[in-house]
2 protein chains.
Amino acid sequence: MSEVRVGIIGLGNMGTSHANQIFSGNIPGAVLGAVCDARQDRLDWAKETFQDQVEVYDSVEEFFNSGNIDGVIIATPHYDHPPLAIKAFEKGLHVLCEKPAGVYTKNVREMNEAAEKSGKVFSMMFNQRTNPLYQKVRDLIVSGELGEIKRTNWIITNWYRSQSYYDSGSWRATWAGEGGGVMLNQSPHQLDLWQWTTGLMPKRVRAFCSFGKYRNIEVEDDVTTYAEYENGATGVFITSVGEAPGTNRFEIAGDRGKLVVEDNKLTFWRLRVSEKQFNEEYKGGFGEPECWKIDIPIHGHGTEHVGIMRNWISAILHGTELLAPGEEGIKSLMISNAVYLSSWIDNWVEMPIDEDLFYEMLQEKIKNSTYEKVDTGDKTLDVSGTH
Amino acid sequence: MSEVRVGIIGLGNMGTSHANQIFSGNIPGAVLGAVCDARQDRLDWAKETFQDQVEVYDSVEEFFNSGNIDGVIIATPHYDHPPLAIKAFEKGLHVLCEKPAGVYTKNVREMNEAAEKSGKVFSMMFNQRTNPLYQKVRDLIVSGELGEIKRTNWIITNWYRSQSYYDSGSWRATWAGEGGGVMLNQSPHQLDLWQWTTGLMPKRVRAFCSFGKYRNIEVEDDVTTYAEYENGATGVFITSVGEAPGTNRFEIAGDRGKLVVEDNKLTFWRLRVSEKQFNEEYKGGFGEPECWKIDIPIHGHGTEHVGIMRNWISAILHGTELLAPGEEGIKSLMISNAVYLSSWIDNWVEMPIDEDLFYEMLQEKIKNSTYEKVDTGDKTLDVSGTH
């Protein structure tokens, strides 16, 4: 294969952007083979934009059976990610899936099984893994520079969303439509980076969600999560859509110092000897280890969605390594599901979560929903600078 | 009265420092009338230092009955604060009490009642209330500049303590001796500032303490606390003695912006219109309120313990207002007690706490303690730069 014919399913905010990137030739080795959406205005847009160079489908079946595509980018509402990916794998197609992997881990696990069975190249759109800042955080942890992790803390509240944002799509911020709020929509990248940079998944979680506190929505708009890890470390993840100007600050304390990512800078407070060693040797009163504050140099910029698409295409064409293997999408979703579950049952949630219980409780939320959406008509928003 | 004869009970780290300040004439209107301690080496030190200018007692009864003092500074181990204060009030003495107010709110409440009955001047050694940085935080909140509070977050982990610190006193870090760890010893000032600057006490608390995780002690050395306030705001308070170099960062998000205290600086991100108003008026997609980053000027330095002593003496002599009324000591202790209780019962704790339950559970901890202290001899540590 010398070039990959990519199909895009879902021409909402993200799918439209991806389609434009591929169509404009920005992804070497990829051509836009087909697009698919059910909405007439998106189909009209596609026909007008791509003229007769790209097949345009309003039927999922015809899209998958067209024979015009080798791989598919799934950019539909969250619930459809796993069933569409499973269908794609069954058709022998490679898959690049938008985040989150799905709404509940139960069918994301099935998606992962289908991927493995197919042997096709499966990637997740964790574009923030291309950010050299977070790559460096991971590097400093994986290489042992930071030492064993003691505490993680991420305050990520700088994705303000007004009521008008929620009113811009009828599916938004409903249990039936999106299956969640700030955890499932805004946070998946940070939840992924939280586990990817540290290499740690929580052992158990105790979370506190506020549902519709700042906005007239039925899902959560404000969350504090407390996590415990196997090695005894603790973590906190705080997010909200109701704060302005918001904060994005990720702190990781380790045995050899402390990392802080804030304002697009990475600072490493590095101890000359590990805290553990200092503690064993020190015999005085109030002393502490000598510490050096280091501005870690960061080179280049994140290649973002384009980078993930190129990485996926390269893996298909040349067998190169994936930066964001699709099977890893379940990790951040597992955390997200655990957060909801903990809040719903008002108690601890052990990991891995009880997937059946989560699924049942989610269905209950959908069934018992009394929320009436103010329908102002679905809009495709300009997503420059978000996600 | 033209000058206050101050007695100091407890010549440990803090009491020694206070005695020196008064003896050296650094507190206008105060003279050191008497000191009291049970330990021979401290009595020897006092006699040698103060010669025959200050009465030195090894008996609490004689100290209180001496007639040589008008007011007393209590700087004994925590457990003794309320009973000694109550005794002082009964003797008609003014009281300045070291933090924390006590170990459990049950007898701190009795102390407050005794203070009220006596009509004497009662202050708490919340020396960090003299810090112009925190006074300005309080000012910006009380004056309405920040708007209604949405979230508070304090990471205060920059009080590293080695094992040798804990081994320096046999009473340290035991349920029987100190009655707590990092919450009760290191955190009282910050717990006080948390409520004093914001004017908010938690409505309920869910906390997660680790006991003896980093050090060979039986009390807590690492804590994450989640709090909910009456107005719907949430808060997090994180502290640890096992991290180096540690963090001291206090963030408060409000309807009109965000305050951050870090590195002895106060930054105010100020919204031109309140977030609430923006949200009501905005009709677009991803917009947010215009925000100005402001470096708030801070003038002067905290007068610290000396400032609180001067303030207390001035209140006695001239009836001026107390910066840290003694009755307010119960607030930070109430939070601290709630944190333990929540961790012990592994559940929510509503405020005000069940004081009897807390007292009973604390007694159980003391009774069931199997912890054997490595006794390396009590030492009076140089406390410059701490507390």
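Reading guide: rules and limits
Residues numbered from 1 in each chain as written. Chains lettered and ligands numbered in written order. Predicted model: local features only at pLDDT ≥ 70, side-chain atom pairs only at ≥ 80, totals over all residues. Heavy atoms only, no water. Helix = DSSP H or I, 4+ residues; strand = E, 2+ residues; numbered from the N terminus. Buried < 20%, exposed > 50% of the residue type's maximum accessible area, 1.4 Å probe, protein only. Contact = heavy atoms within 4.5 Å. Areas by Shrake-Rupley, 256 points an atom, 1.4 Å probe, with all protein chains shown as cover. Lys, Arg positive; Asp, Glu negative; His and termini not counted. Charge placed at Lys NZ, Arg CZ, Asp CG, Glu CD. Least-squares fit on C-alpha atoms with pLDDT ≥ 70 in both. Pairing = 2+ DSSP bridges. Axes fitted to C-alpha atoms, helices over the stretch in contact; angles between N-to-C directions. Buried area = accessible area lost by both parts, 1.4 Å probe. Salt bridge = Lys/Arg side-chain N within 4 Å of Asp/Glu carboxyl O. Polar contact = N/O pair within 3.5 Å; in protein donor to acceptor, adjacent residues only side chain to side chain. Nonpolar A, V, L, I, M, F, W, Y, C, P; charged D, E, K, R; others polar. Domains from an automatic or database assignment. UniProt positions renumbered as here; feature names shortened; annotations may be inferred. Phe/Tyr/Trp six-rings, centres within 6.5 Å; stacked < 30°, edge-to-face > 60°. Lys NZ or Arg CZ within 6 Å of the ring centre and 35° of its normal. Arc of directions from axis to C-beta.

1. Some thoughts on the overall build of chain A
The helix and strand tally for chain A stands at twelve helices and 15 strands. Of all 387 residues assigned to chain A, the portion counted as buried reaches 61%. Taking contacts inside chain A between residues at least 6 apart in sequence as the whole, the part at least 24 apart equals 70%. In the form shown here, chain A has an accessible surface area of approximately 14,600 Å², with 45% of it arising from carbon and sulfur atoms. Treating the 38 positive side-chain charges of chain A as one cloud and the 55 negative ones as another, the clouds have centres 5 Å apart.

2. So, the relation of the copies chain B and chain A
One copy of the chain maps onto the second through a rotation about an axis and a displacement along it. For the pair chain B and chain A, the relating rotation is 180°, the translation along its axis is 0.0 Å, and the fit reaches an RMSD of 0.0 Å. Such values leave the two copies arranged in the relation of a two-fold axis. Comparing contact sets, 98% of the residues at the interface of chain B also lie at the interface in chain A, consistent with an isologous, same-surface contact.

3. Focus: the sheet that holds strand β6 (residues 122–124) of chain A
Residue and element names in this part refer to chain A. Strands sit in the order β3-β2-β1-β4-β5-β6 across an open sheet of six strands; the sheet is parallel. Each edge of the sheet is formed by a strand with only one pairing partner; in this case those strands are β3 (55–57) and β6. Each strand axis lies, on average, 20° off the axis of its neighbour in the sheet, ignoring direction. Of the strand pairs in this sheet, strand β4 (residues 71–74) and strand β5 (residues 94–97) are connected by four bridges, and their pairing is parallel. Pairing of Val72 across the sheet is with Val95, part of β5.

4. Let's talk about the environment of A:Leu184
All names here are of chain A. Locating Leu184 in the fold gives a position in the loop between α7 (163–166) and α8 (188–198). Residue classification places Leu184 among the buried residues on the basis of a relative accessible area of 1%. Leu184 sits 84 residues away from Pro100 along the chain, and the two C-alpha atoms are 6.7 Å apart. Not counting chain neighbours up to four residues away, the residues in contact with Leu184 comprise His78, Pro100, Gly102, Val103, Glu178, Gly179, Glu220, Leu333, Ser336 and Tyr340.

5. A short note on the interface of chain B and chain A
Interface size is often expressed as the accessible area that is lost when the parts come together. Between chain B and chain A, the contact holds 58 residues from the first and 57 residues from the second. When chain B packs against chain A, close to 4,700 Å² is buried across both sides, 53% of that on carbon and sulfur atoms. Three residues stand out in chain B for area buried against chain A, namely B:Tyr160, B:Pro245 and B:Phe286, and they jointly supply 16% of the buried area on that side. There are six salt bridges connecting chain B and chain A. A salt bridge links A:Arg249 to B:Glu262, with the nearest nitrogen and oxygen atoms 3.6 Å apart. Taken together, the connections running from chain B to chain A amount to 26 residue pairs in polar contact (both at pLDDT 80 or more). Residue classes in the side of chain B that touches chain A are distributed as 22 nonpolar, 19 polar and 17 charged.

6. Thoughts on the environment of B:Glu360
All names here are of chain B. Within the element layout of this structure, Glu360 appears in helix α12 (residues 355–367). In this structure Glu360 comes out as partly exposed when scored by relative accessible area, which is 47%. Through-space distance from the C-alpha of Glu360 to that of Gly329 is 21 Å; in sequence the pair is 31 residues apart.

7. Some details on unusual backbone geometry
A:Ala244 connects to A:Pro245 through a cis peptide bond whose omega is 5°. Within the secondary structure, A:Pro245 is located in the loop between β10 (234–240) and β11 (248–254). Phi at B:Asn264 takes a positive value of approximately 60°, unusual for a residue other than glycine. Considering the arrangement of structural elements, one finds B:Asn264 in the loop between β12 (257–262) and β13 (265–271).

8. A look at the side chain of B:Glu275
Mapped onto the elements, B:Glu275 comes out in helix α9 (residues 275–281). For B:Glu275, a relative accessible area of 4% puts it in the buried group. Other than its neighbours up to four places away in sequence, B:Glu275 contacts A:Tyr160, A:Arg215, A:Gly242, A:Ala244, B:Lys150, B:Asp255 and B:Pro289.

9. Details of the domain arrangement of chain A
Residues and elements named next belong to chain A. The domain boundaries assigned to chain A delineate domain 1 (4–128 + 303–325) and domain 2 (131–301 + 332–367). The C-alpha centroid of domain 2 is placed 28 Å from the C-alpha centroid of domain 1. Counting residues at the interface gives 19 residues for domain 1, matched by 29 residues for domain 2. Interface area, domain 1 with domain 2, both sides summed: about 2,100 Å², of which 54% is carbon and sulfur. Of all residues in domain 1, the largest losses of buried area upon contact with domain 2 belong to Tyr79, Thr105 and Gln128, amounting jointly to 31% of the total for that side. Taken together, the links from domain 1 to domain 2 amount to two salt bridges.

10. Structural notes on the pattern of salt bridges
Scanning the entire structure with this criterion turns up 42 salt bridges over all chains. One salt bridge in this structure joins A:Glu280 and A:Lys276, with 3.8 Å as the shortest N-O distance. Highlighted residues: A:Glu280 and A:Lys276, both in helix α9 (residues 275–281), separated by four residues, approximately one helical turn. Because the salt bridges share partners, they merge into one network encompassing A:Arg151, A:Glu243, A:Arg249, A:Glu251, A:Glu262, B:Arg151, B:Glu243, B:Arg249, B:Glu251 and B:Glu262.

11. A word on the UniProt feature "domain: GFO/IDH/MocA-like oxidoreductase" (unreviewed entry) in chain A
Residues annotated in UniProt with the feature "domain: GFO/IDH/MocA-like oxidoreductase" (unreviewed entry) correspond here to residues 134–259 of chain A. The span residues 134–259 of chain A carries 19% helix and 33% strand; its end-to-end C-alpha distance comes to 11 Å.

12. With respect to the packing of aromatic side chains
Here the structure, examined in full by the defined rule, presents 48 aromatic pairs over all chains. Their ring planes at 80° and their centres at 5.0 Å tell us that B:Tyr165 and B:Tyr166 sit as a pair that is edge-to-face. Across this residue pair, the class does not change: B:Tyr165 and B:Tyr166 are buried. A centroid spacing of 5.2 Å and a plane angle of 35° characterise the contact between B:Trp194 and B:Phe237, whose relative ring orientation is tilted. Linking B:Trp194 in helix α8 (residues 188–198) with B:Phe237 in strand β10 (residues 234–240), this pair joins segments that are 43 residues apart in sequence. Every member of this aromatic cluster is reached through a ring pair, and the members are A:Tyr134, A:Trp154, A:Trp194, A:Phe237 and A:Phe250. Positioned over the ring face of A:Tyr214 is B:Lys150, at 5.1 Å from the centre of the ring.

13. Digging into helix α2 (residues 40–50) of chain B
Residues and elements named next belong to chain B. Among the residues of α2, those classed as buried are Arg42, Leu43, Ala46 and Phe50. What you see down the axis of α2 is that its buried residues fit within an arc of 100°, all on one side. The inward-facing, buried residues of α2 abut α1 (13–23), β2 (30–36) and β3 (55–57). Just beyond α2, the residue with positive phi is Gln51, at close to 50°.

14. Topic: the pairing of β10(A)
Residues in a regular strand point their side chains to alternate faces of the sheet. All names here are of chain A. Counting buried residues along β10, seven of its seven residues qualify, which places the element largely inside the surrounding structure. Burial along β10 is two-sided: the face carrying Thr234, Val236, Ile238 and Ser240 and the face carrying Gly235, Phe237 and Thr239 are both buried. The pairing of strand β7 (residues 149–156) with β10 spans six bridges and is classified as parallel. Pairing of Ile156 across the sheet is with Thr239, part of β10. Summarising the sheet, strand β9 (residues 220–228) and β10 pair through seven bridges and their orientation is antiparallel. Residue pairing for β10: Thr224 is matched across the bridge by Ile238. What sits between the antiparallel neighbours β9 and β10 is a turn of five residues, in which Gly232 has the positive phi angle 95°.

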